[in-house]
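Geometric and topological summary
Here's the letter readout for the chains.
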Amino acid sequence: MNKLFVSCFLIIIIIGTIAFFTIGTVNNDEKFSEKLNGTFPEIKSSDRILIFAPHPDDDILANSGLIMEALRKNADIKVVFMTVGDGLDKDYLNWYLTTNNITDFKGNIGDIRHTEALTALSKLGLNESNAIFLGYPDQGIKSLFLNNWDYNNLLKKTSGSNQNDHSPYNFSFEKNAPYCGANVVKNLNQIFDDFNPNILFMPDDGDDHPDHWATNAFTRYVITERGYNGSHYHYLVHKGGWPNPEIYSPRDQLLPPKEIFVLDATWLRLILYDTDIKTKLEAIESHKTQTLATKNYLLSFVRIDEFFATYPVIKVQEKEIYSLDDGMPDSKFNDLKGEFIKNTEFNQKYDKRPTIEFNYMHDKKNINKTRIYDDIDSVGLVKDEQNLYAVINSPNFNENFNYIFYMYLYDGNSYRKLDINVTNNTANYLYRSSDSIVSSQKLEVKNKDQLTSVKIPLSIINNTQTILMTVDERNARNQNLENTPLRVFQL
């Protein structure tokens, strides 16, 4: 009798403990999900929706439910693929072909992914007329935005399947499109002119993948230049070890990573019908070159919902006189903490692709060399009567590192670039393209506690109305350790 009593008592304790932790987890998730501030607005038949995807499959992972809902409402949709995912090298292509017993293929990985993209879209109800392929190089979009802007400075990669300085694809929006930032902007403006969208979807600028970051940057650049006043939403694909768990779990929520709630975003949720969840799975599985190597990761996006963010334009704070004694300006944006360390650890733990495949996120041979770095917590702008101040909050500012402030100045008619490199507490102008500002006026760097500011005379930025700004951090070997989101400031 005593043994039976003890056994029953132990069973009750075990069940109670499991229930306690399960209920606690559910409650925590419920509290967390409340931070998704609302449901996604209703789509109308008059809407013209433009979705920007860095690669084939990004459109499906983040926007499948949105696309199917828009089709139910008879809205017009176009999907713009910046690249066709041709960063994978020939060894990976050969491995894929051998694994699938394909012997008669002629072309490169980009041709296969182009076909996969159309197949996946057809599962959702779209066809080839809904897709636009720009044909720019995979893993090269950030360089087009930051470095290879002019037509006399084309990007030509030395890795991956596409080592051209122009698009080699006959399905490109512009045949033989030259690989430079100015041409990307030309293409995007033509698409806006032709389609006249009123709703945009683009990758989040906090996404870990450089092509996603840069697709956001190019889109923001163009909509600022055009004075676009429609809606635009941001979606997330790459962020550390997210989605979590990395398994096919179609009855769970796709909650954003908790750390991104430090950002000044409004998060909106779109609930998927059961039939949409099944169709999204079929669309993802159409990307066979990707599911062959990272199936669990891709299928972890098959959940009961999709979520999107909106960000405000930041109004630049004005003061009579500004100094670092005033602290970080109110007109700032936060950056996520520890991205580089988290991302590289995630790659080592979760990258199950064969070693012959190009690593999307970071060059593996450099991971352990760049562990120690200074993390940028926030970035801001403030002006007084004489100067504009670009300010970063870095708890462990390293004066031997390079902090590059990239600023795109728009005056209502055209852009100019003001790019400043700070190292050893000295600021220098950078010349990146024909519209770069290089002035004889001195730039002054100051430090106080964990704040660093660059003082820029207002005469340099005269007539500027809007500034698009981001900051890169590089170590002494010029390895990129971090780039912050790119945000829009209004003067």
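I will try to describe carefully the structure that is included in this document. A quick note: this is a predicted structure, and the numbers were derived from the prediction, not measured. (Residues numbered from 1 in each chain as written. Predicted model: local features only at pLDDT ≥ 70, side-chain atom pairs only at ≥ 80, totals over all residues. Heavy atoms only, no water.)

A separate point is the nonpolar core. Counting residues in each nonpolar core, the largest one holds 58 residues, and the members touching the most others are Phe 40, Ile 49, Leu 66 and Phe 201. With seven residues, the top contributor of residues to this core is helix 2 (residues 58-72). Excluding its chain neighbours within four sequence positions, the residues that come into contact with Phe 40 are Leu 66, Phe 201, Tyr 233, Leu 268, Arg 269, Leu 270 and Phe 308. (Core = buried A, V, L, I, M, F, W, Y, C linked by side-chain atoms within 4.5 Å. Buried < 20%, exposed > 50% of the residue type's maximum accessible area, 1.4 Å probe, protein only. Helix = DSSP H or I, 4+ residues; strand = E, 2+ residues; numbered from the N terminus. Contact = heavy atoms within 4.5 Å.)

A few words now on the packing of helix 4 (residues 109-124) against helix 8 (residues 274-285). A pair of packed helices is captured by two measures, namely the crossing angle of their axes and the spacing between those axes. Contact pair helix 4 / helix 8: the axes reach a minimum separation of 8 Å and the direction vectors enclose 170 degrees. Judged by the angle between their axes, helix 4 and helix 8 are roughly antiparallel. Contacts between helix 4 and helix 8 involve Ala 120, Lys 123 and Leu 124 from the first element and Thr 279, Glu 282 and Ala 283 from the second. Classifying every residue of the contact of helix 4 with helix 8 gives three nonpolar, one polar and two charged. (Axes fitted to C-alpha atoms, helices over the stretch in contact; angles between N-to-C directions. Parallel < 35°, antiparallel > 145°, perpendicular 65-115°, else oblique. Nonpolar A, V, L, I, M, F, W, Y, C, P; charged D, E, K, R; others polar.)

Moving on: the packing of aromatic side chains. Aromatic ring pairs are defined here through the distance separating the ring centres and the angle between the ring planes. In total, this model carries 29 aromatic pairs according to the counting rule given. Plain terms: the ring middles of Phe 145 and Phe 218 are 4.9 Å apart, the flat faces sit at 80 degrees to each other, and that makes the pair edge-to-face. Residue Phe 145 is located in helix 5 (residues 141-146), and its partner Phe 218 is located in helix 7 (residues 210-226); the two are separated by 73 residues in the primary sequence. Considered together, Phe 145 and Phe 218 belong to a single accessibility category, that of buried residues. For the ring pair Phe 145 and Tyr 221, a centre distance of 6.3 Å and an interplane angle of 90 degrees mean the geometry is edge-to-face. Residue Phe 145 is found in helix 5, and its partner Tyr 221 is found in helix 7; the two are separated by 76 residues along the sequence. (Phe/Tyr/Trp six-rings, centres within 6.5 Å; stacked < 30°, edge-to-face > 60°.)

With seven of its seven residues buried, strand 13 (residues 387-393) lies for the most part within the structure. Side chains of strand 13 alternate between two faces, with Asn 387, Tyr 389, Val 391 and Asn 393 and Leu 388, Ala 390 and Ile 392 buried alike. Between the end of strand 12 (residues 378-383) and the start of strand 13, which pair antiparallel, lie three residues. Where strand 13 lies against strand 18 (residues 451-457), seven bridges are found, and the strand directions are antiparallel. Across the sheet, the residue bridging to Val 391 is Ser 453, located in strand 18. (Pairing = 2+ DSSP bridges.)

In this fold, Asp 138 is placed in the loop between strand 4 (131-136) and helix 5. Although buried, Asp 138 forms no salt bridge, and the nearest oppositely charged side chain, Arg 113, lies 4.7 Å from it. Setting aside residues no more than four positions away along its own chain, Asp 138 makes contact with His 55, Thr 83, Gly 85, Asp 86, Gly 87, Leu 88, Lys 157 and Asp 211. (Lys, Arg positive; Asp, Glu negative; His and termini not counted. Salt bridge = Lys/Arg side-chain N within 4 Å of Asp/Glu carboxyl O.)

Once that is clear, we can look at the pairing of strand 7 (residues 266-271). Across two bridges, the pairing between strand 1 (residues 38-39) and strand 7 is parallel. When the sheet's bridge partners are listed, Gly 38 is paired in strand 7 with Leu 268. As paired elements, strand 7 and strand 8 (residues 305-310) share six bridges and run antiparallel to each other. For Leu 270, the partnering residue across the bridge sits in strand 8 and is Glu 306.

Purely geometric numbers; function is a separate question.
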